[in-house]
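Letter by letter, the chains look like this.
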Amino acid sequence: MTRIFSGVKPTGHLTLGNYLGAVRGWVEVDQHRADALFSVVDLHALTVEHDPARVRRLSRQAATLLLAAGLDPALCTVFVQSHVDEHARLSYLLECTATDGELRRMIQYKEKSARALASGESVRFSLLSYPALMAADILAYRTDEVPVGDDQTQHVELTRDLAVRFNQRYGHTFVVPRATRPPVAARVMDLQDPMSKMGKSHESGAGIVYLLDDADVARKKIMRAVTDSGQEVAYDPEAKPGVANLLEILAACGTGSPDELAGMYDSYGALKKDTAEAVVELLRPLRERHAALAADPGYVDGVLKEGAERARGMARPVVDAAYRAIGLLPAG
Ligand code: AMP
Ligand code: TRP
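Because the structure is predicted, anything quoted here is derived from the model rather than measured.

1. Topic: the packing of helix α3 (residues 86–95) against helix α12 (residues 297–326)
So, step 1. Between α3 and α12, the shortest axis-to-axis distance is 10 Å and the interhelical angle comes to 25 degrees. In this view, α3 runs roughly parallel relative to α12, as classed from their interaxial angle. Between α3 and α12 the crossing geometry is left-handed. Along its contact with α3, which presents Glu86, Arg89, Leu90 and Leu93, the element α12 presents Arg312, Ala315, Arg316, Val319, Asp320, Ala322, Tyr323 and Ile326.
So, step 2. Across the contact of α3 with α12, the residue classes tally to seven nonpolar, no polar and five charged.

2. Section: the pattern of salt bridges
So, step 1. All chains considered together, the criterion is met by 18 salt bridges.
So, step 2. A salt bridge links arginine 165 to glutamate 102, with the nearest nitrogen and oxygen atoms 2.6 Å apart. One end of the pair, arginine 165, is in helix α7 (residues 153–170); the other, glutamate 102, is in helix α4 (residues 100–104), and 63 residues separate them in sequence. The two residues arginine 165 and glutamate 102 agree in class, both being buried.
So, step 3. The closest approach of N and O atoms between glutamate 281 and arginine 284, which form a salt bridge, is 2.6 Å. Of this pair, glutamate 281 and arginine 284 both sit in helix α11 (residues 268–294), three residues apart, which is roughly one turn of that helix.
So, step 4. The class for arginine 284 is partly exposed, based on a relative accessible area of 30%.
So, step 5. Each member of the salt-bridge network shares a partner with another, and the members are Asp30, Arg33, Glu145 and Arg178.

3. A look at the nonpolar core
So, step 1. Ranked by size, the top nonpolar core spans 61 residues in total, and within it Tyr19 and Leu20 carry the most contacts.
So, step 2. Residues lining this core come from more than one domain, with at least three contributed by each of domain 1 (3–181 + 297–326) and domain 2 (215–292).
So, step 3. When near neighbours in sequence (up to four residues on either side) are disregarded, tyrosine 19 contacts Arg24, Ala69, Leu211, Leu282, Leu283 and Leu286.
So, step 4. The next biggest cluster of nonpolar side chains, apart from the first, holds 37 residues, and it includes Phe5, Tyr130, Leu158 and Ala163.

4. Examining the UniProt feature "binding site: L-tryptophan" (unreviewed entry) in the chain
So, step 1. In this structure's numbering, the residues bearing the UniProt feature "binding site: L-tryptophan" (unreviewed entry) are Asp137.
So, step 2. Tracing the backbone through its elements, the reader meets aspartate 137 in helix α6 (residues 125–139).
So, step 3. Look at aspartate 137 and you get buried, because its relative accessible area is 2%.
So, step 4. Here aspartate 137 is in contact with Phe5, Val41, His44, Gln81 and His87, once residues within four sequence places are set aside.
So, step 5. A distance of 2.7 Å separates a polar atom in the side chain of aspartate 137 from a polar atom in the side chain of histidine 87.

5. Digging into the site of ligand 1
So, step 1. Close to ligand 1 lie 18 residues, the nearest being Lys9, Gly149, Asp151, Val188 and Lys200.
So, step 2. In this structure, glycine 149 approaches ligand 1 through a main-chain N or O atom, which is 2.8 Å from an oxygen atom.
So, step 3. Within the contact set of ligand 1, an oxygen atom lies 2.4 Å away from a side-chain nitrogen or oxygen of lysine 200.
So, step 4. Taken by itself ligand 1 offers 480 Å² of open surface, and the protein chains cover 96% of this.
So, step 5. Mapped by element, the contributors of at least two residues to the shell around ligand 1 are β1 (3–8) and α1 (16–33).
So, step 6. With four residues, the single largest contributor to the shell around ligand 1 is α1.
So, step 7. Split by residue class, the shell around ligand 1 holds seven nonpolar, six polar and five charged.

6. Thoughts on the domain arrangement of the chain
So, step 1. Structurally, the chain comprises domain 1 (3–181 + 297–326) and domain 2 (215–292).
So, step 2. Once you take the C-alpha centre of each, domain 1 and domain 2 turn out to be 30 Å apart.
So, step 3. Between domain 1 and domain 2, the residue contacts involve 10 residues of the former and nine residues of the latter.
So, step 4. Approximately 840 Å² of surface area, both sides summed, lies buried where domain 1 meets domain 2, with 74% of it carried by carbon and sulfur atoms.
So, step 5. Across the contact surface, domain 1 and domain 2 share zero salt bridges.
So, step 6. Joining domain 1 to domain 2, the criterion identifies two residue pairs in polar contact (both at pLDDT 80 or more).
So, step 7. For the side of domain 1 that touches domain 2, the secondary-structure elements that each account for two or more residues are α1 and α2 (52–69).
So, step 8. Of the residues forming the side of domain 1 that touches domain 2, the biggest block, five residues, is contributed by α2.

Criteria and thresholds
- Residues numbered from 1 in each chain as written.
- Chains lettered and ligands numbered in written order.
- Predicted model: local features only at pLDDT ≥ 70, side-chain atom pairs only at ≥ 80, totals over all residues.
- Heavy atoms only, no water.
- Axes fitted to C-alpha atoms, helices over the stretch in contact; angles between N-to-C directions.
- Helix = DSSP H or I, 4+ residues; strand = E, 2+ residues; numbered from the N terminus.
- Parallel < 35°, antiparallel > 145°, perpendicular 65-115°, else oblique.
- Left-handed = near helix turned anticlockwise from the far one by under 90°.
- Contact = heavy atoms within 4.5 Å.
- Nonpolar A, V, L, I, M, F, W, Y, C, P; charged D, E, K, R; others polar.
- Salt bridge = Lys/Arg side-chain N within 4 Å of Asp/Glu carboxyl O.
- Buried < 20%, exposed > 50% of the residue type's maximum accessible area, 1.4 Å probe, protein only.
- Core = buried A, V, L, I, M, F, W, Y, C linked by side-chain atoms within 4.5 Å.
- Domains from an automatic or database assignment.
- UniProt positions renumbered as here; feature names shortened; annotations may be inferred.
- Polar contact = N/O pair within 3.5 Å; in protein donor to acceptor, adjacent residues only side chain to side chain.
- Near = heavy atom within 4 Å.
- Areas by Shrake-Rupley, 256 points an atom, 1.4 Å probe, with all protein chains shown as cover.
- Buried area = accessible area lost by both parts, 1.4 Å probe.

Below, the structure written as structure tokens:
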């Protein structure tokens, strides 16, 4: 059976980008067709400045949202990364497989480290080694497919390179995984700045729809989205990035391609209104289920505990095999 692994970082509240680019596909497709694991990757949240209490809170919230979105513990494994030691254990071996040069070439590292330096913050060493940990997440489960948004494909490519290199040097240990992406909305853009990705922590939240935003708040953010000069509704991501983003979001919420939808509108206002309503309806059940689950943290904790046990059972033999292959003396 195909093995799938993916994860989400508890660095901020989950966004519409996370949902359309990743989580929805996990819920609607991946958990039904494969042996799938989905993780709140909390160790990754420590690669940038963080507040311990906030990370803890966001980790539980992210796990609750994944369940609210429809991940079913009877079908897939939902767990928190730091509950399974194998990730950190394997990460070190992959740091010993990767080169300094290839880690420094990662776009996310270049962008985030430049941003930190520009605002006078220091850059944590773990920001550089981050892709080795991500590769460990994936390789520890002999994962075949990694469903992610566009921004993560470079990291999955590196994971493939590391798996191939490790296997060649030390003997066949890892499955070489591949990234899969959603058919539309693989890169949802910020509504106020359609040239950059809708990320969890853009300076102001005005261009970001959070999954837990009230309906009115979400509606307003979409109605105030930056559009482009001209009047014509056309799907042209280069020339009209703001309109193209709205069309992609609308397409992802229902049926029809962004191109087809463009032909149905003759004003930006009408497009915004329909997109806002479609998003509000898409997120409504999710918000309601989140409220119900958040009232029962014992249930969520139970799911995470069971998930971690299952994940540990899968990862342990793979990571043990990697330890032996690379030349470490087995303990007893
Ligand atoms: P992160 O928030 O970085 O932990 O991302 C979790 C998942 O959501 C990853 O698969 C990302 O590629 C995906 N994702 C994050 N932001 C976006 C976005 N704006 N558009 C599409 N996918 C996204
Ligand atoms: N780096 C990913 C992100 O920023 C999160 C992540 C960590 C991940 N480990 C992973 C995604 C393993 C897929 C598989 O979104």
